[in-house]
Amino acid sequence: MSFVSCTTTASSSVSSIASNGSATSTNHTHHNDNDCKVDSSDSASIAPRLEDARPRGTTTTSSSSSPCNMSSRNNHNHHTNDKTPLSDLPLCLDHIPLFQRSDILLGKFLGRGRNSQVHAVDRIVTQKDSTGEEEGNKYVLKHLQHQLFENGHRTKHRREATNALADLVLEAMYLSKLRGHPNIISLCGLTAGGTSVLQRKNAKADEYFILLERLDLTLDQRIWTWRQQLQDETTTTTSTCGEEESSTSTISTSSSTNTVEWVVTKIRYAKQIANALSYLHDHQVLYRDLKPENLGLLQNAKDNNSTQQVEEYTIKLFDFGLARELDEPCENTTRVYSLSAAGTRRYMAPEIFNRPGKYNYKADTYSFSMVLFELLAMQKPYADFNVTSHEELVCRLGGRPRLTDIHWPHDSTTTTNTTNNNDGNHKEDHAMMDAASRHLAHECEALLQQTWKQDMHERLSMRQVCQRLEAIIEKTQDDLRHIQQQQQQQQQRHEQEQLRLQKQQRTGLQQHFLAQQTQTTTLLASSSHQVQEQPLPPPTFLKTKTSTSEMTVATDPMAGSDSELEDDVFQRMSNGSTISGMSSSGSRR
């Protein structure tokens, strides 16, 4: 039986998915210890899991249903809040455009999964026999791996190729039914003709595909960026400290990055992930492969007119290849299902490793706890464990990641020798911020312990996780608002004190200036009175010549020296006579 005949099985199962809905057990288990990936499928149960995306006969898409009208299509999206089973939800294919492979021009290769690979879309032809085109940088194309399709012609690879096609078709079915949730990736296009395109002679692996919205980065990449940023800032802070200061200061994390607000951002990401999982569980879908690599971030457009705080990124859950629909609501926490092992080892719940594996929705809760730990600690859980040690220490003995690996903001003890640090208000701010950080750490650690319990029946449901995260965010926001109000009041008091000191300083300067001006005026007046009473000193260039009849001014330079002239004048003034008196007496004579 060739791979082409397997697609016949796929194309003949269009109605069986809508009617049968769920697939709750499989038999074949495949372990891949190299990439820590565990997957399970069975060719015997392919039929109820496959569908042709559309009735045959549609070969291309019209301009009215193209992705360029995604905004209008999204307006019709509904976010169902009820708990309708997935099998009872409509496929909602009327608003999903169809494409042939020739309609899409691929861009660069973005990555590959277990059995599929993803390419960026450069351009989409929206109308046949016309020049209508759309920039495709908002979309990605996911299709089967080429080597898997080529190997699919061999008997020993037939089951693997068929299962890969089943996962891809199943993902399209899930996304078409679960459309509209803000934290689940959007399905933007399907293959015209469904899996029947692979029955043609010389068909290529990428001729059956699904078109998805393009995300900016994965959560795994975001965590790596945070870790690098924290390490760079810590290194910079340490290098700028002097030897004397660094010996008395402990810098475990960077205070400018590892803040309470930063931790709240991570909790908001976790809240979006929990919302997506809770939505799946409400519709009786078990995801089974939660990890940062399957969580994408889509940057939100900034609304300058909005007064509400807008998140920088929206978390999107993608890759539904291992998801399975269960036949009972998630409220029945005691029911377990005989499902084969599936997922990525370090994120898989311990009960999945049991033989035979029996688990339920709480397996996703455990996976969430591992993602939450990685968000907070910015390191992989069980990074040093191999398969044997993981099964022994984690699955059998109940070992868990160390909570001490999470560096909370109050753990940072950076010390600076500034005046403000000694101020009472500044110390009060630090005390309030430390209290908020300690409460946040306590609540998050308690949530981790309640979501990674060894007994799955004791774990929280994802609905309870959402409630706990919402309470943590609200409490921390209240604390931050209170601290901000306190800081604003302290700033106002500080500004008022500065104004008072400036006014006092100006008043003191004015008084000092007036005192100096009064003193200067008094001194000037006293000096002027003394100058008026004191006779003028004699000129140094005059010389008196005494005779019995008159005193004249000597003009002859040989008449005598200046010292003789001064002595003569001084002698006469000391005897009580003046120049004018002498002149008058001389005239009287």
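By convention here, each chain's residues receive numbers from 1 onward along its written sequence. pLDDT decides what is reported in this predicted model: residues at 70 or higher carry local features, side-chain atom pairs at 80 or more are listed and counted, and totals for whole chains, interfaces and linings draw on all residues regardless. To get the side-chain values, take all heavy atoms of the structure and skip hydrogens and water.

(A) Region of the structure containing the packing of aromatic side chains. Classification of ring pairs rests on two measures: the distance between centres of Phe, Tyr or Trp rings, Trp counted by its six-membered ring, which must be within 6.5 Å, and the angle between planes, read as stacked under 30 degrees, edge-to-face over 60 and tilted in between. Taken as a whole and judged by the stated rule, the model has five aromatic pairs. Each ring, one from Trp226 and one from Tyr269, has its centre 5.8 Å from the other, and the planes form 15°; the classification is stacked. In this pair, Trp226 is assigned in helix α6 (residues 219-240) and Tyr269 in helix α8 (residues 260-282), connecting sequence segments 43 residues apart. In terms of burial, Trp226 and Tyr269 fall into one category: buried. With a centroid separation of 5.3 Å and 80° between ring planes, the pair formed by Tyr287 and Phe320 is classed as edge-to-face. Of the two residues, Tyr287 sits in the loop between β11 (285-286) and β12 (295-299) while Phe320 sits in the loop between β13 (313-317) and β14 (324-325), which places them 33 residues apart along the sequence. For the exposure calls, accessible area comes from a 1.4 Å probe over protein chains only, and a residue counts as buried if that area is under 20% of its type's maximum, exposed if over 50%, partly exposed in between. Exposure remark for Tyr287: the relative accessible area of 0% places this residue in the buried category. Members of the aromatic cluster, joined through ring pairs, are Tyr174, Tyr287 and Phe320. Over the ring of Trp262 we find Lys266; its NZ or CZ atom is 4.0 Å from the centre of that ring. Strands are runs of DSSP state E lasting at least 2 residues, helices are runs of H or I lasting at least 4, and numbering of each runs from the N terminus. Two limits define a charge over a ring: the Lys NZ or Arg CZ must be within 6 Å of the ring centre, and within 35 degrees of the ring normal.

(B) How the structure looks around the pairing of β12. Two strands form a pair only when DSSP identifies at least two bridges running between them. Looking at chain direction, strand β10 (residues 217-218) and β12 are connected through two bridges and run antiparallel. Paired with Leu217 across the strands is Leu297, a residue of β12. Sheet analysis places β12 next to β13, joined by five bridges and oriented antiparallel. By the bridge assignment, Leu298 is partnered in β13 with Thr314.

(C) Up close: unusual backbone geometry. With phi around 55°, Met378 is a residue other than glycine that occupies positive phi space. Position of Met378 relative to the elements: it lies in the loop between α9 (362-377) and α10 (387-396). Here Met378 falls in the buried class, since its relative accessible area comes to 7%. In this structure, Tyr382 takes a positive phi of about 55° despite not being glycine.

(D) View of the sheet that holds β10. With respect to topology, three strands assemble into an open sheet ordered β10-β12-β13, the strand pairing being antiparallel. Edge strands, defined here as strands with exactly one partner in the open sheet, are β10 and β13.

(E) Fine view of the pairing of strand β9 (residues 209-213). With five of five residues buried, β9 is to be regarded as a mostly interior element. Where strand β7 (residues 139-144) and β9 come together, five bridges link them in antiparallel fashion. By the bridge assignment, His143 is partnered in β9 with Phe209. In the sheet, strand β8 (residues 187-191) pairs with β9 via three bridges, with the strands oriented antiparallel.

(F) Geometry of the pattern of salt bridges. Put simply, a salt bridge is a Lys or Arg side-chain nitrogen that is within 4 Å of an Asp or Glu carboxyl oxygen. Taken as a whole and assessed by the stated rule, the structure comprises 18 salt bridges. Measuring nitrogen to oxygen at the nearest pair gives 2.2 Å for the salt bridge that ties Arg481 to Asp478. Note that Arg481 and Asp478 are positioned in helix α12 (residues 462-533) at a spacing of three residues, about one turn of the helix. Note that Arg500 is salt-bridged to Glu497, the shortest N-O span being 2.5 Å. Of this pair, Arg500 and Glu497 both sit in helix α12, three residues apart, roughly one helical turn. In this structure, a network of salt bridges that share partners links the residues Asp220, Glu293, Glu374 and Lys380.

(G) Examining the environment of Trp408 more closely. With respect to the element layout, Trp408 can be found in the loop between α10 and α11 (424-451). For Trp408, a relative accessible area of 3% translates into the label buried. With 150 residues separating them in the primary sequence, Trp408 and Asn258 have C-alpha atoms 7.2 Å apart. Filtering out sequence-adjacent residues up to four positions away, Trp408 remains in contact with Asn258, Val263, Leu376, Ser437, Leu440, Ala441, Cys444 and Glu445. Under the rule applied, a polar contact is a pair of N or O atoms within 3.5 Å (in protein, one hydrogen donor and one hydrogen acceptor; residues adjacent in sequence only if both atoms are side-chain atoms). One polar contact links Trp408 to Glu445, side chain to side chain, over a distance of 3.1 Å. By definition, residues are in contact when any of their heavy atoms lie within 4.5 Å.

(H) Up close: the nonpolar core. Formed by 103 residues in total, the largest nonpolar core has its most connected members in Phe320 and Phe368. No other element matches the 13 residues that α8 contributes to this core. Among the nonpolar cores identified, the runner-up in size contains 10 residues, and Phe99, Ile104, Val121 and Tyr139 belong to it. Only buried residues count toward a nonpolar core. Its members are Ala, Val, Leu, Ile, Met, Phe, Trp, Tyr and Cys residues joined through side-chain atoms within 4.5 Å.

(I) The environment of Glu470, seen in detail. Note that Glu470 resides in helix α12. Sequence separation of Glu470 and Arg268 is 202 residues, and the distance between their C-alpha atoms is 8.6 Å.

(J) Expanded view of the confidence of the model for the protein chain. pLDDT runs from 0 to 100 and stands for how confident the predictor is about each residue. Summarising the model, the protein chain shows a mean pLDDT of 74, and 62% of its residues fall at 70 or more. When pLDDT is averaged over each element of the protein chain, α9 comes out on top at 96 and helix α2 (residues 14-20) at the bottom at 35. Every residue in residues 39-78 is under pLDDT 50, and counting partners more than four places away or in other chains gives 122 contacts. Note that residues 242-255 has pLDDT below 50 and, in this model, 24 contacts with residues that lie over four places away or in other chains.

(K) Focus on α10. Those residues of α10 not exposed but buried are Ser389, His390, Val394 and Cys395. Summarising the axial view, the buried residues of α10 lie within an arc of 165°, below the 170-degree limit, and thus occupy one face. Exposed residues pointing more than 90 degrees away from the buried face of α10 are listed as Thr388 and Arg396. For α10, the capping residue at the N-terminal end is Asn386, with a side-chain oxygen 3.2 Å from the backbone nitrogen of Thr388. Two residues or fewer past α10, Gly398 is found with a positive phi of approximately 80°. Working definition: the arc comes from the directions between the helix axis and the C-beta atoms, pointing outward to the latter.

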